[in-house]
Amino acid sequence: MTLVVIAIVALVALTKAVRIVPQAHAYIVERLGRYSRTLNAGLNILIPFIDRVRAQVDLREQVVSFPPQPVITSDNLVVSIDTVIYFQVTNPKAATYEIANYIQAIEQLTVTTLRNVIGGMDLEKTLTSRDQINGQLRGVLDEATGRWGIRVNRVELKAIDPPASIQDSMEKQMRAERDRRAAILTAEGHKQAQILTAEGEKRAAVLRAEGDAQARILRAEGEAKAIQQVFEAIHQGNPDQKLLAYQYLQVLPQIAQGDANKVWIVPSELGKALEGLSEMFGRTQGEPAREKPLRDGQAG
């Protein structure tokens, strides 16, 4: 029986003597009620019934979200603000002995600091200055929690909720601003479309006029070249007055075509050609041909 009791006592003593500390944790050990040492991660040996673990401290970065807090701005409007704190214990001994509950202390310090910061801003600045508010909160919290062995890494404002009446007014103002911008953009688009249409019509009219002028020039050049070729062909054939008169008579109906041809211009050569033609018709009817007078220097 005695051996059994001794074995049980030895087992209990061994259990209390050996402590395995997980990674990223620290144990605070007290000896006879006073701080003795801090156990780091790994296997540690304690003196049974003399040493005891006072607290187990998590050394990882922790995230704490605090409930919404009512805060009054400088223009006497009450806004509800949610905050999120990212902190880490850097001194397990100070976090155990310098403050009773560091999470509650951080929450209360955050609320008071937030009211001081927001109290110096109006609603519009509060809604647009989150980074500035976060920086001021972090600076104050990090300075105050330093002696507690805690480092505040980040402070974030999760939500800023103004009163319902203010939210309704802000929504109406934003809606009116969006409508105004939409009307301006529509007017500018319509104006730009009219400008582009006018420029396109102007460019098209210019191109049509240039094309018409170029076509007329080309037609005139073609007609002039055709007339020149006909003229050269006629003169190269050395026609007499009879042939010219006959060609003039064929061309006269074409000249007379069209309502705009009110005035005829008869070339001087046409009279001579007609005289020759009449002489030719006279001979064919048996009339003797008139002898042409001899020019000086010609034989009779």
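Parameters at a glance
Residue indices begin from 1 for each chain and proceed along its sequence in written order. Per-residue local features are limited, in this predicted model, to residues with pLDDT of at least 70; the limit for side-chain atom pairs, both in listing and counting, is 80 or more; totals at the level of whole chains, interfaces and linings are taken over all residues. Values shown for side chains rest on all heavy atoms present in the structure; no hydrogens or waters enter the calculation. Strands here mean DSSP runs of E at least two residues long; helices mean DSSP runs of H or I at least four residues long; both are numbered from the N terminus. Exposure classes here rest on a 1.4 Å probe applied to the protein chains alone. A residue is buried below 20% of its type maximum, exposed above 50%, and partly exposed in between. In this description, accessible areas are obtained by the Shrake-Rupley approach with a 1.4 Å probe, and a residue is regarded as covered only by the protein chains that are shown. Being paired, for any two strands, means DSSP has found at least two bridges between them. Helix axes are fitted to C-alpha atoms over the stretch in contact, other axes to C-alpha atoms as well, and angles between N-to-C directions run from 0 to 180 degrees. A helix is expected to reach a length of 1.5 Å times the quantity of its residues less one. For this analysis, residues touch if any pair of their heavy atoms sits within 4.5 Å. Nitrogen and oxygen atoms within 3.5 Å of one another constitute a polar contact, given that in protein one can donate a hydrogen and the other can accept it, and given that sequence-neighbouring residues count only through two side-chain atoms. Each patch groups residues whose relative accessible area exceeds 30% and which form no salt bridge, using 9 Å between like charges and 5 Å between nonpolar side chains of Val, Leu, Ile, Met, Phe, Trp and Tyr. Put simply, a salt bridge is a Lys or Arg side-chain nitrogen that is within 4 Å of an Asp or Glu carboxyl oxygen. The set of buried Ala, Val, Leu, Ile, Met, Phe, Trp, Tyr and Cys residues whose side-chain atoms join them within 4.5 Å is what this entry labels a nonpolar core.

Scanning the protein chain from terminus to terminus reveals 8 helices and 8 strands. Relative to its 300 residues, the protein chain shows a buried fraction of 24%. Summing over all exposed atoms, the protein chain offers an accessible surface of approximately 21500 Å²; the carbon and sulfur share of this is 56%.

Further remarks concern the sheet that holds strand β8 (residues 150-161). If you walk across this open sheet you meet the 3 strands as β6-β7-β8, and the pairing is antiparallel. Of all strands in the sheet, those bounded by a partner on one side alone are β6 (62-72) and β8. Strand-to-strand, the axes of this sheet are offset by a mean angle of 25 degrees, without reference to chain direction. Of the pairings in the sheet, the one linking strand β7 (residues 78-89) to β8 comprises 10 bridges and is antiparallel in character. Across the sheet, the residue bridging to Phe87 is Val152, located in β8.

To continue, consider the sheet that holds strand β3 (residues 34-39). In spatial order, the strands read β3-β2-β5; together these 3 strands make up an open sheet with antiparallel pairing. Each edge of the open sheet carries a strand with a single partner, namely β3 and β5 (51-58). Mean inter-strand twist for the sheet, computed between neighbouring axes without regard to direction, equals 25 degrees.

Here helix α3 (residues 102-118) spans 24 Å end to end across 17 residues, near enough to the 24 Å set by a 1.5 Å rise per residue. Three or more residues of α3 are buried, namely Tyr102, Ala105, Ile106, Glu107, Leu109, Thr110, Val111, Thr113, Leu114, Val117 and Ile118. The inward-facing, buried residues of α3 abut β6, β7, α2 (92-97), α4 (123-128), α5 (130-145) and β8. Between the side-chain oxygen of the N-cap and the backbone nitrogen of Ile103 there are 3.3 Å, and the N-cap of α3 in question is Asn101.

Let us now look at α5. Taking 1.5 Å of rise per residue, 16 residues should cover 22 Å, and α5 covers 22 Å from first to last C-alpha, within 8% of that figure. Check the buried side of α5 and you find it contacts β7, α3, α4 and β8.

We now examine a nonpolar patch on the surface. Side chains of Val4, Ile8, Val12, Leu32, Ile47, Phe49 and Ile50 sit close together on the surface and give an oily, nonpolar patch of about 660 Å² of accessible area. With respect to the secondary-structure elements, Ile50 resides in the loop between β4 (42-45) and β5.

Right, let's talk about the environment of Leu109 for a bit. Positionally, Leu109 belongs in helix α3. You can call Leu109 buried: its relative accessible area is 18%. Placed 32 residues apart in sequence, Leu109 and Leu141 show a C-alpha to C-alpha distance of 7.1 Å. The residues touching Leu109, leaving out its near neighbours within four places in the chain, are Leu141, Ala144 and Thr145.

With that settled, the discussion passes to the pattern of salt bridges. Scanning all chains against the criterion turns up 9 salt bridges. The partner of Arg31 in a salt bridge is Asp51, and the shortest N-O contact between them spans 2.6 Å. Linking Arg31 in strand β2 (residues 25-31) with Asp51 in strand β5, this pair joins segments that are 20 residues apart in sequence. Arg31 gets classed as partly exposed once you look at its relative accessible area, which sits at 35%.

Let us now look at the nonpolar core. Judged by nonpolar contacts, the single largest core of 31 residues is most densely connected at Ile81, Ile85, Phe87, Leu114 and Ile133. Elements supplying a minimum of two residues to this core: β5, β6, β7, α3, α5 and β8. The greatest single-element share of this core, amounting to 7 residues, is contributed by α3. Excluding anything up to four places from it in sequence, Leu114 contacts Val71, Ile81, Thr83, Ile133, Leu137 and Leu157. With 6 residues, the next largest nonpolar core counts Val21, Val29, Leu39 and Val53 among its residues.

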